[in-house]
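Read off the chains here:
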Amino acid sequence: MRKSRLSLTKPFSLRESTNFSGRNILQRHRHIGSSLNTDNKEINETELQDEMEVESDNYHNEKNNDDDISIRENNDYYSEADNYISEENNDNYGKEADDYDEEADDNHIEDDDDNYGEEDDYNDENVYYDDDDNGDNIIDDNDNYEEKIVDSSIDSDHMSNINGSFAPYFENLTSALLFCWVQKHNISTNAYNDLVEILQHQKFEVKDVVKNIRRFRQWRNRLPLMPIRTRSIKINLKKTPSTSKGTKLCYYLSIRDIIQNILNNPLLYDKLYFGPGIEAEEKKEYWHGDLWAESPLFGQEKITINREIYYPNEFIIYKENGKRRFGRIRSIVSINDELQIKIQRICTYYELPNNFHSNVRSITSESQLWLIDQHLEEGSIIANTYEIIKKVDITIVRDSTIITNSLFIKEILYKNNGHWKLRDVTLDYMHLCEYSTLSSPPSPYNNLRILKIFIDIYYDDFGTYRNTYHSLGGVYIQLGNMPFEMRKHLRNHFVLGFVPFGGCFKDFIHPFIKDMKQLEKGILMNVQGRDCWIIAGLGCITADLPQGNDLTGVKRHNAIRGCRTCLAKENATDITLDIASISRYHHITNIQFKNIFTALTLEERNNIAKEYGLQTSLPIFDQLQWERHLQSPQDIYHIIAGKTLKLLKLTITMLSPEGERNFIREWKSFEYPKQWSKLPNPISHLESFMMSDRIRLGMVMPFILNRSLTINCLKQQEMDKLQRRIKLNRNQVINAIIKCWAIVAKCSQLTFKISLTIDDRIELERYLKKEREVLVELFDDFVGLPNLHASYHLSRHVRTFGTLVNTAVGMKEMVHRIFKNKVPHTNCKNIEFDLLKYYTTLQAIRHLSDGGIDPRNLQHSVEFTNLFQDFSHLFKDWFIMESSETDNKEFKVCSPSSYFRNIILRKPVSVRNTNIGIDTVSFRTDLALAYESFGYNSSLINKTCNFYEYASYIQDMHNAEVQCHLSIDDVVTIQVADYGESYAVIKGIFKHKSNDGYLYPFIYVDWFEDICKNHDKLECPIFVLRHDDTYCKIFPLTVIEKVQKVHFVHDCNSRCKDNHNLENKHYLRNDFFFKAI
Ligand SMILES: [Zn+2]
Ligand SMILES: [Zn+2]
């Protein structure tokens, strides 16, 4: 791979916490560029990136002024233009930190507040380009076209005196050469900083520099690389250019190698969870879900009670409140580190609700029993092991030909729409133990530690916007054993391989299936120097709707609106849909597949397949142990984005011209969360809305509509239509639309919660129902919509996988996009191979620097780990690395809390500009109180406070380290004693020297006071922003619990016209706000 020299010229910046949005930035900026300067049609992507990175780097400003202005504008106007430029390059707003850093380094000496004035002035002079609209839209603030030179040489009077042969231009040859080199190759700031760090390292030797870059290739192969395998697969000629051959080589890694690599990386291995399913109050991880607990491949497969071994799916008699009852063991779960038994309850004839008592049933009342749906509150119970009495023989009669003399079960008692019902026992997922068997290791390995691994596989197809020839299908692996906090990092998504264009997934995935079959039985592996017995099972597969259907053998939506989880068709969004009775179940689908395969003619075969909505071949994963319908959850990311887009389109088409104007006005002036990049115009750019943008817009739409929508805002015929449909007056129609958006937004927020309590789950279910009702009631277009229908299955997915975020593909799509964006930088001949080589190289470097063990010599490299520590910049912000700790030490301040590390303050601001009076009594008192809060009880000798715009730090949260960024005007949550979670706006960030001479960081805040009232339409709580001194305003920075996790919106009144009337101090907490990724 020619261009993949480590991060030179074009950093392959797979950064952590990359902000996900694939909007095409170039297009958006191209028109700005061209409206400024018609000659300058193309703005180089890299330059754009660089401009952003070196905001205050004069050299760049001079060089490319036009572009720079436009970007500066964005940056000022929206403060996060950063994202938007860098998204294309997969950068992120974590990068902000760098930028601030650079600014600080380049232009500012600490405490030198006044420098900032210059930059502000400069910006004020710039015109404002409105890039929301279609093109020729330069709005001039001053109406006056005075020309100015904004870039030129300094005149000789101002040239500083330098000597040497390169005077007056450069100080020396080195500077001159580097300047030219940077120009020639368009070196990015990051790449340059990395180079400087290398060159200036004390052990760096010029004589050791190799002259031939090809040598690096040889060195690459010395690293502990995961082997890349290849084989030839068939290519569908229809999809590829006519010159292609019928076969193509595909490249991939082995799942065994990936597992071995992960298990031998100590930083990863130490955090993996192996063990029984955990019954948690708050569900977050895969092991909090039913699947983990019930499957012998992941959870606890047996337990010995009174010298008898019990397995899940066995029937027992147990004691409940002193009474003996029948039950079915669902799983053996851990509660507070103690193994307990989760039992599905069984009822007798006499315990059935009265309406089920009949003569027919009473005949068998002594032998027939009923399972209670385990997902009902009364359906399951957790028992201590001592409450288990004995096993009992009960037969589940799924097949009427079975005749039994023992106790039997034919029906399940369940509830639909609040009513008790009975359904056939075949209409339930079989227990996972009925699909999966766990084989014990062969005798020589009996005593080895067994590690069970949960595999989550994700397939991203070529995508809608494929540029045919260079399209890339990616298959990615995650281990469900990793805690969520780790799984969400880009670097913890593992590449299995890339499906070549025209190649078929089924064909590609064969080696994986073969390995997995072996892994289901178990294999011997050396883990951290110790032999272990490794078992791995397929936990879940995720893919977009059409591919997801392919993977489960269900026909795609366009055929007959096929749902891969149930048989709903035209009735897909009916409020009364009885999902349990129409779900697809593995054992039933098996019979249907059999019917398809035994058909005598091709025609008959196709007809049967069509009738069942199934494909004519078995899904490839059927060779593994799984329940194809249960383990292929629909992804919330696509569902929510699809639903929101639909609603957005419907809403916008209803708007009258006045409605559009009002809407756009409020949309433009809306106080978006600061960390967001700017959203495209929803009216003119609706079609190009990326999924992440749609999801974000959904979070603020209720507020924007609440501000902008009046009865004149709808087209007359739309208003009439709605009035007829929902039989309300015009004002009520408007309110109904706003409320509808509020429900959809609340639903999305609940769906994306990263951990779910029981209350959350109940609320989620309630809102999903509400959402279906309101959407179908208001809009015909939602009737039968697959995206809306899919929400019927979400509560099942929550139970199966713990949360919905666990199986969401947002982050996975981002990983795939990173590789897709890398394609143009390969030689385009052997894309898949090149990308994999690049990937294995990065993983090898990561492995070594994490202290990973080289399988060839079972050693780890101390030198490499040290290298990583020494070269903070080189290894920083690289997707393969943990973010580096060391930073500019000068700005670092002490932390009064052990949960906060590496607190760095950035971008000094003058105290004058903060509007904070530091000479007041209340300031002094509050500061003293703040010191007291961490145990300092002394008078404050030092009077100076130095203020900053930003702070960053590493916070320990629930055993995970999180890099946080704080800036002025952020809303933060603070725990207040005896009160709980409270909200405050950061008005100032400053450091103060304590009496012991150490510098400590503080925040100055305005509090939001909860007035315990909700907004009537939006149902969001109302708060009052307090500017006064009623409450203490200064705290150590370390009181902050969370940053940017909440969003507040002005509760506008009629006096909010062009600007918000700030005398009105009422604000709404945006309860629809969440982080989609
Ligand atoms: Zn369905
Ligand atoms: Zn307002």
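Note that this is a predicted model, so its numbers are computed, not measured. (Residues numbered from 1 in each chain as written. Chains lettered and ligands numbered in written order. Predicted model: local features only at pLDDT ≥ 70, side-chain atom pairs only at ≥ 80, totals over all residues. Heavy atoms only, no water.)

To continue, consider the coordination of the zinc ion (ligand 2). Coordination of the zinc ion (ligand 2) by the protein is provided by His-1050 (ND1), Cys-1052 (SG), Cys-1056 (SG) and His-1060 (ND1), with metal-donor distances spanning 2.0 to 2.3 Å. Here the zinc ion (ligand 2) is ringed by four donor atoms whose angles at the metal span 98 to 126°, and the overall shape comes out tetrahedral. Written as a sequence motif, the donor residues of the zinc ion (ligand 2) are H-x1-C-x3-C-x3-H. Residue His-1050 is found in strand 32 (residues 1048-1050), and its partner His-1060 is found in the loop between strand 32 and strand 33 (1066-1069); the two are separated by ten residues along the sequence. The class for His-1050 is buried, based on a relative accessible area of 3%. For His-1060, a relative accessible area of 27% puts it in the partly exposed group. (Donors = N, O, S within 2.8 Å, 3.2 Å for Na, K, Ca; no water. Tetrahedral: all angles 85-135°; square planar, octahedral: opposite > 155°, others 65-115°. Helix = DSSP H or I, 4+ residues; strand = E, 2+ residues; numbered from the N terminus. Buried < 20%, exposed > 50% of the residue type's maximum accessible area, 1.4 Å probe, protein only.)

Between its first and last C-alpha atoms helix 24 (residues 657-669) spans 19 Å; for 13 residues at 1.5 Å apiece the expected length is 18 Å, and the two agree. Listed as buried for helix 24 are Gly-659, Asn-662, Phe-663, Ile-664, Glu-666 and Trp-667. In the core, the buried residues of helix 24 are packed alongside helix 25 (691-708). (Expected span 1.5 Å × (residues − 1). Contact = heavy atoms within 4.5 Å.)

Spatial strand order, 3-4-19-18-17-21-20: seven strands in an open sheet with mixed pairing. The open sheet has two free edges, formed respectively by strand 3 (229-234) and strand 20 (523-527), since each of these has just one partner strand. Looking at each pair of strands side by side, their axes are set apart by 30° on average, direction ignored. Bridge count for strand 20 against strand 21 (residues 530-542) is five bridges, and the pairing is antiparallel. Its bridge partner being in strand 21, Leu-524 is matched across the sheet by Trp-533. Running over the sheet, helix 17 (residues 510-521) touches strand 3, strand 4 (247-252), strand 17 (449-460), strand 18 (473-479), strand 19 (494-499), strand 20 and strand 21 and is turned about 125° from strand 21. Docked against the sheet, helix 31 (residues 810-822) engages strand 17, strand 18, strand 19 and strand 21, running at close to 135° with respect to strand 18. (Pairing = 2+ DSSP bridges. Axes fitted to C-alpha atoms, helices over the stretch in contact; angles between N-to-C directions.)

Below, the discussion takes up the coordination of the zinc ion (ligand 1). Note on metal geometry: ideal angles are 109.5 degrees for four donors arranged tetrahedrally and 90 or 180 degrees for six donors arranged octahedrally. Summarising the metal site, the zinc ion (ligand 1) is bound by the protein donors Cys-563 (SG), Cys-566 (SG), His-789 (NE2) and His-793 (NE2), whose distances to it range over 2.0 to 2.2 Å. The coordination sphere of the zinc ion (ligand 1) comprises four donor atoms, whose angles at the metal cover 97 to 124°; the geometry is tetrahedral. One chain supplies every donor for the zinc ion (ligand 1), spaced along it as C-x2-C-x222-H-x3-H. Of this pair, Cys-566 sits in the loop between helix 19 (557-560) and helix 20 (579-582) while His-793 is found in the loop between helix 29 (786-789) and helix 30 (794-801), placing the two residues 227 residues apart along the sequence. According to the relative accessible area criterion, His-793 is buried, its value standing at 3%.

Moving on, we get to the side chain of Ser-982. Looking at the secondary structure, you find Ser-982 in strand 27 (residues 980-993). Contact partners of Ser-982, with chain neighbours within four places excluded, come to Val-972, Thr-973, Ile-974, Val-976 and Trp-1007.

Take the nonpolar core next. If you look at the biggest cluster of nonpolar residues, it comprises 143 residues, and the most contacted ones within it are Leu-263, Ile-509, Phe-512, Ile-534 and Phe-621. In terms of residues, this core owes the most to one element, helix 27 (residues 730-751), which gives 13 residues. Mapped onto the domain boundaries, this core takes at least three residues apiece from domain 4 (636-807) and domain 5 (891-1045). Among the nonpolar cores identified, the runner-up in size contains 22 residues, and Ile-903, Tyr-948, Tyr-953 and Val-1005 belong to it. (Core = buried A, V, L, I, M, F, W, Y, C linked by side-chain atoms within 4.5 Å. Domains from an automatic or database assignment.)

Once their charged atoms are close, side chains differing in charge can pair, the charge on each being opposite to the other. Per the counting criterion, the structure on display carries 42 salt bridges. We note a salt bridge from Glu-765 to Arg-799, for which the minimum N-O separation is 3.8 Å. Taken together, the residues Glu-765 in helix 28 (residues 758-778) and Arg-799 in helix 30 connect sequence positions 34 residues apart. Residue classification places Glu-765 among the partly exposed residues on the basis of a relative accessible area of 38%. When its relative accessible area of 23% is taken as the criterion, Arg-799 is described as partly exposed. (Salt bridge = Lys/Arg side-chain N within 4 Å of Asp/Glu carboxyl O.)

With that settled, consider the environment of His-510. Mapped onto the elements, His-510 comes out in helix 17. Sequence-wise, His-510 and Phe-621 are 111 residues apart; in three dimensions their C-alpha atoms are separated by 9.5 Å.

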